[in-house]
Amino acid sequence: MVDTSRLDDLIVCTECDALYRVRQPERGQVAVCARCHTVLAAPRAKAALQIVALAVATLILIVGAAVFPFLRIEVGGVANAASVLDISYAFFDGFLTVLVIATMSMILAIPALRTGLIIYVLAPFIVDKPALPGARAAFRVAQQLRPWAMAEIFAIGCAVSLVKIADLAQVTFGPAFWMFAVLTVLIVIQQKFMCSWSVWNALASQTPS
Amino acid sequence: MERVGFTDPVLTARDAGLVGCRSCARAWPMGTEVCPNCGARVQSRSRRSLQRVWAWWLAGLICYVPANIYPMLETRTLVHTESATIVGGAVDLAAHGAYGIALIILVASVVIPVGKFVSIAFLALSVGRISRTSPEARHGVHEIVEYIGRWSMIDVFVVAILSSLVQLNAVAAIQPGPASLAFALSVIFTMLSAQAFDPRMIWDGIEDQKAGHL
Ligand SMILES: [Zn+2]
Ligand SMILES: [Zn+2]
């Protein structure tokens, strides 16, 4: 009944398993699963260039957000400013080591790794070069890491912390807080531009694995 | 996208004797184990996935108990030392008039985690049964659980932030309590539980029901 001899022509909804025959959507159009409304494809013109540009900016911001203080506290003449790296010094012992590693990974290491992988995968397309070795595995890992990158949650955490101790001491936002805020916006825009179907297509048409 | 065969109800990859890759959306002959396109492991359906859902779910629930009993933060000032649990901390904030923040903490640390435990259990239990809740609604529940679950980490980050920031020698110091670790583990385990759930199972059997086979 169904011609399944040409598997290249088929696309499967990753959420509900519905099977579709590929018809290249117009640029700017969105192909949505008829059954569960998951976005199947949303190609955009010049997406690779935009995503890589955003990713480079994101990487720079991640480095800045790590070393600059995000909050500054002052009470009775005693002051302290904390950066993300200070978190690791503050309680790097005993059972809290696990907590430090988890926090550091989720707010710095994983977002940075994900961003780096995306640059690695997409940068060659901008200059019309073949994909770099291991690009497919890199993109797969980048997609899997997505829920574990939590820089934006940390930004909200800073704001909550400020309010929480505002009546005990004088607290002000440091530069890293604003970097996290911009980071959040960049990550959201990057995800809007990213059409994984288009990336897989580009990767499939280029390298014989 | 054109639908294959234009059948109504929807034709699934499994019905067509194919297996779909959940990483890159390509279709392969049934029995393929590793996606030739992206290298992800592919499986048409996995009953075993429900076991993993329940295992992570239980681990998350077990960690959630100490997360609520033990203190999240220990605050030491010149005059006294006090420790606050998750709910206690939120109550303190509300008593100081910070209702908005108290609400954020309560939603992130109590409403979302409890909602997640209930939702994942509901989804896992409804697989393979004739559920009165439509697959569209259950699909929505799964999407929300996957999207919102990570936001529970906010309370762990607040603890990390406060304990690195409030280190003012003799004046005041804040230390993380044991509940912070338990809570972080609970959030991680429930995220793994939600990820282990295969949403395609929500839709399985729907077509059979419509066609009157069940
Ligand atoms: Zn679908
Ligand atoms: Zn694949």
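The structure displayed is predicted, hence computed values, not measured ones. (Residues numbered from 1 in each chain as written. Chains lettered and ligands numbered in written order. Predicted model: local features only at pLDDT ≥ 70, side-chain atom pairs only at ≥ 80, totals over all residues. Heavy atoms only, no water.)

Caption draft 1: How the structure looks around the overall build of chain B. Within chain B one finds eight helices and seven strands. Taking 2.2 N^0.38 as the reference for a compact globule, 214 residues should give roughly 17 Å; the C-alpha atoms of chain B span a radius of gyration of 23 Å, well beyond that estimate. Here the C-alpha coordinates of chain B stretch approximately 75 × 40 × 30 Å along the principal axes. Residue burial in chain B is summarised as follows: out of 214 residues, 52% are buried. Summarising the internal contacts of chain B: among those between residues at least 6 apart in sequence, 63% fall at separations of at least 24. For chain B, the exposed surface amounts to about 9700 Å²; the carbon and sulfur share of it is 62%. (Helix = DSSP H or I, 4+ residues; strand = E, 2+ residues; numbered from the N terminus. Rg over C-alpha atoms; globule rule 2.2 N^0.38 Å. Buried < 20%, exposed > 50% of the residue type's maximum accessible area, 1.4 Å probe, protein only. Contact = heavy atoms within 4.5 Å. Areas by Shrake-Rupley, 256 points an atom, 1.4 Å probe, with all protein chains shown as cover.)

Caption draft 2: Looking closely at the coordination of the zinc ion (ligand 1). On the protein side, the zinc ion (ligand 1) has Cys13 of chain A (SG), Cys16 of chain A (SG), Cys33 of chain A (SG) and Cys36 of chain A (SG) as donor atoms, found 2.2 to 2.3 Å from it. Classification of the site at the zinc ion (ligand 1) as tetrahedral follows from its four donor atoms and the range of 100 to 116° in their angles at the metal. (Donors = N, O, S within 2.8 Å, 3.2 Å for Na, K, Ca; no water. Tetrahedral: all angles 85-135°; square planar, octahedral: opposite > 155°, others 65-115°.)

Caption draft 3: Spatial organisation of the pattern of salt bridges. Scanning the entire structure with this criterion turns up eight salt bridges over all chains. Between Arg45 of chain B and Asp17 of chain A there is a salt bridge; the shortest N-O distance is 2.8 Å. Of this pair, Arg45 of chain B sits in the loop between β3 (27–29) and α1 (48–69) while Asp17 of chain A sits in the loop between β1 (10–12) and β2 (19–21), placing the two residues on different chains. (Salt bridge = Lys/Arg side-chain N within 4 Å of Asp/Glu carboxyl O.)

Caption draft 4: Examining empty space enclosed by the protein more closely. All names here are of chain B. For the coordinates displayed, the defined rule picks out one cavity of 30 Å³ or more. Here the largest cavity is characterised by a volume of approximately 60 Å³. Every residue along the wall of the largest cavity is listed here: Pro113, Lys116, Phe117, Gly149, Ser152, Phe183, Ser186, Val187 and Thr190. Residue assignment for the lining of the largest cavity shows that the elements contributing at least two residues are α3 (99–126) and α6 (178–196). For the lining of the largest cavity, the leading source of residues is α6, giving four residues. (1 Å grid on protein atoms, 1.4 Å probe; cavity = no way out; pocket = protein on both sides within 12 Å on 5 of 7 lines; lining within 4 Å. Points joined across faces, edges and corners; volume = space filled by probe spheres on them.)

Caption draft 5: Layout of the coordination of the zinc ion (ligand 2). Residues and elements named next belong to chain B. Bound to the zinc ion (ligand 2) on the protein side are Cys21 (SG), Cys24 (SG), Cys35 (SG) and Cys38 (SG), at distances that span 2.2 to 2.3 Å. Considering all four donor atoms around the zinc ion (ligand 2), angles at the metal cover 104 to 116° and the coordination shape is tetrahedral. Each donor residue of the zinc ion (ligand 2) belongs to the same chain, with the gaps between them written as C-x2-C-x10-C-x2-C. Taken together, the residues Cys21 in the loop between β2 (18–20) and β3 and Cys35 in the loop between β3 and α1 connect sequence positions 14 residues apart. Each member of the pair, Cys21 as well as Cys35, is classed as buried.

Caption draft 6: View of the nonpolar core. Ranked by internal contacts, the top residues of the largest apolar core, which has 141 residues, are Leu19, Phe70, Phe154 and Leu203 of chain A. Ranked by residues supplied to this core, first place goes to helix α3 (residues 96–126) of chain A with 14 residues. Residues within four places of Phe154 of chain A in sequence aside, it is in contact with Phe70, Val84, Ile87, Ile107 and Phe180 of chain A together with Phe157 and Ile161 of chain B. (Core = buried A, V, L, I, M, F, W, Y, C linked by side-chain atoms within 4.5 Å.)

Caption draft 7: Spotlight on the side chain of Lys164 of chain A. Here Lys164 of chain A shows up in helix α5 (residues 151–165). Asp155 of chain B provides the closest opposite charge to the buried, salt-bridge-free Lys164 of chain A, at an N-O distance of 4.7 Å. (Lys, Arg positive; Asp, Glu negative; His and termini not counted.)

Caption draft 8: Representation of the UniProt feature "transmembrane region" (unreviewed entry) in chain B. Residues and elements named next belong to chain B. With numbering matched to this structure, UniProt assigns "transmembrane region" (unreviewed entry) to residues 53–73, 93–126, 147–166 and 178–197. Taken end to end, residues 53–73 is 81% helix and 5% strand, and its first and last C-alpha atoms sit 31 Å apart. With 70% helix and 0% strand, residues 147–166 has its two end C-alpha atoms placed 32 Å apart. (UniProt positions renumbered as here; feature names shortened; annotations may be inferred.)

Caption draft 9: Structural detail: the UniProt feature "transmembrane region" (unreviewed entry) in chain A. All names here are of chain A. The positions that UniProt labels "transmembrane region" (unreviewed entry) are, in the present scheme, residues 47–71, 83–102 and 172–189. With 84% helix and 12% strand, residues 47–71 has end C-alpha atoms that lie 35 Å from one another. Taken end to end, residues 172–189 has its terminal C-alpha atoms 28 Å apart, with 83% of it in helix and 11% in strand.

Caption draft 10: Here's a closer look at the pairing of strand β7 (residues 172–176) of chain B. Residues and elements named next belong to chain B. When you tally the buried positions in β7, you get four out of five residues, the bulk of the element. Pairing of strand β4 (residues 73–77) with β7 involves five bridges; the strand directions are antiparallel. Note that in β7 the partner of Thr75 across the bridge is Ile174. Summarising the sheet, strand β6 (residues 167–168) and β7 pair through two bridges and their orientation is antiparallel. Across the sheet, the residue bridging to Leu168 is Ala172, located in β7. Linking β6 back to β7 in an antiparallel pair, the connection comprises three residues, with Asn169 at a positive phi of about 45°. (Pairing = 2+ DSSP bridges.)

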